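The chain contents come next:
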Amino acid sequence: MKIKLNNQEYSYLNKILNDEISEKITILNADERFTIIEISRDIADDIREFISDQLQINGFDNNYELTQEGKIQEKLIDLFYIDQR
């Protein structure tokens, strides 16, 4: 599956993913605004699950409002969603 990420999303993803998962991501195209990656459905599911866990750990402030990091995490969770139908 192909996923289009803005540079902020791609940078965040690079920062948090371990090397084992990062090696399974193929960059198809990158420019000054966007990066298009290709990954398997299984890896997309793994990434989405990992980011969902991160959202619960550090995505909210003391008032349960989304932090800036939480906003990026929510966007990535949506981008890596796989319709199982």
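What this report covers is the structure whose coordinates are included nearby. Just so it is clear, the model here is predicted, and its values are computed rather than measured. (Residues numbered from 1 in each chain as written. Predicted model: local features only at pLDDT ≥ 70, side-chain atom pairs only at ≥ 80, totals over all residues. Heavy atoms only, no water.)

Structural notes on the packing of helix 1 (residues 7–16) against helix 4 (residues 68–79)
Where helix 1 meets helix 4, the axes come as close as 10 Å, and the angle between the chain directions of the two elements is 95°. Regarding the angle of helix 1 to helix 4, the classification is roughly perpendicular. Between helix 1, through Gln 8, Glu 9, Tyr 12 and Leu 13, and helix 4, the contact on the second element is made entirely by Gln 68, Glu 69, Ile 72, Gln 73, Lys 75, Leu 76 and Leu 79. Split by residue class, the contact of helix 1 with helix 4 holds 5 nonpolar, 3 polar and 3 charged. (Axes fitted to C-alpha atoms, helices over the stretch in contact; angles between N-to-C directions. Helix = DSSP H or I, 4+ residues; strand = E, 2+ residues; numbered from the N terminus. Parallel < 35°, antiparallel > 145°, perpendicular 65-115°, else oblique. Contact = heavy atoms within 4.5 Å. Nonpolar A, V, L, I, M, F, W, Y, C, P; charged D, E, K, R; others polar.)

With respect to the nonpolar core
Core analysis: the largest hydrophobic core is formed by 21 residues, its most contacted members being Leu 5, Leu 13, Ile 37, Ile 39, Ile 47, Leu 76 and Phe 80. Looking at this core, the elements with two or more residues in it are strand 1 (2–6), helix 1, helix 3 (41–58) and helix 4. Sorting elements by how many residues they give to this core places helix 3 first, with 5 residues. Those residues in contact with Leu 5 that lie beyond four places of it in its chain are Tyr 10, Leu 13, Arg 33, Phe 34, Thr 35, Ile 37, Leu 76, Leu 79 and Phe 80. (Core = buried A, V, L, I, M, F, W, Y, C linked by side-chain atoms within 4.5 Å. Buried < 20%, exposed > 50% of the residue type's maximum accessible area, 1.4 Å probe, protein only.)

Observations concerning a negative patch on the surface
A surface patch of negative charge is lined by Asp 19, Glu 20, Glu 23, Asp 42, Asp 45, Asp 46, Glu 49 and Asp 53. Sorting the residues of the negative patch by element identifies helix 2 (19–22) and helix 3 as the ones contributing at least two each. Here the negative patch gets 5 residues from one element, more than from any other, and that element is helix 3. Summarising the element assignment, Asp 45 is placed in helix 3. When its relative accessible area of 37% is taken as the criterion, Asp 45 is described as partly exposed. (Patch = residues over 30% accessible without salt bridge, like charges linked within 9 Å, V, L, I, M, F, W, Y side chains within 5 Å. Areas by Shrake-Rupley, 256 points an atom, 1.4 Å probe, with all protein chains shown as cover. Salt bridge = Lys/Arg side-chain N within 4 Å of Asp/Glu carboxyl O. Lys, Arg positive; Asp, Glu negative; His and termini not counted. Charge placed at Lys NZ, Arg CZ, Asp CG, Glu CD.)

A closer look at the packing of aromatic side chains
The full count for this structure, using the stated rule, is 0 aromatic pairs. The ring of Phe 34 carries Lys 4 above its face, with NZ or CZ at 4.2 Å from the centroid. (Phe/Tyr/Trp six-rings, centres within 6.5 Å; stacked < 30°, edge-to-face > 60°. Lys NZ or Arg CZ within 6 Å of the ring centre and 35° of its normal.)

Regarding the sheet that holds strand 3 (residues 34–38)
Pairing between sheet strands relies on hydrogen bonds along the backbone, with the strands arranged either parallel or antiparallel. What the 3 strands build is an open sheet, ordered 1-3-2; its pairing is antiparallel. The outermost strands of the open sheet, each flanked by one partner alone, are strand 1 and strand 2 (26–30). On average, adjacent strands in this sheet sit at an angle of 25° to one another, irrespective of strand direction. The pairing of strand 1 with strand 3 spans 5 bridges and is classified as antiparallel. Across the sheet, the residue bridging to Asn 6 is Phe 34, located in strand 3. Relative to strand 1, helix 1 is tilted by about 105°, and along the sheet it contacts strand 1, strand 2 and strand 3. (Pairing = 2+ DSSP bridges.)

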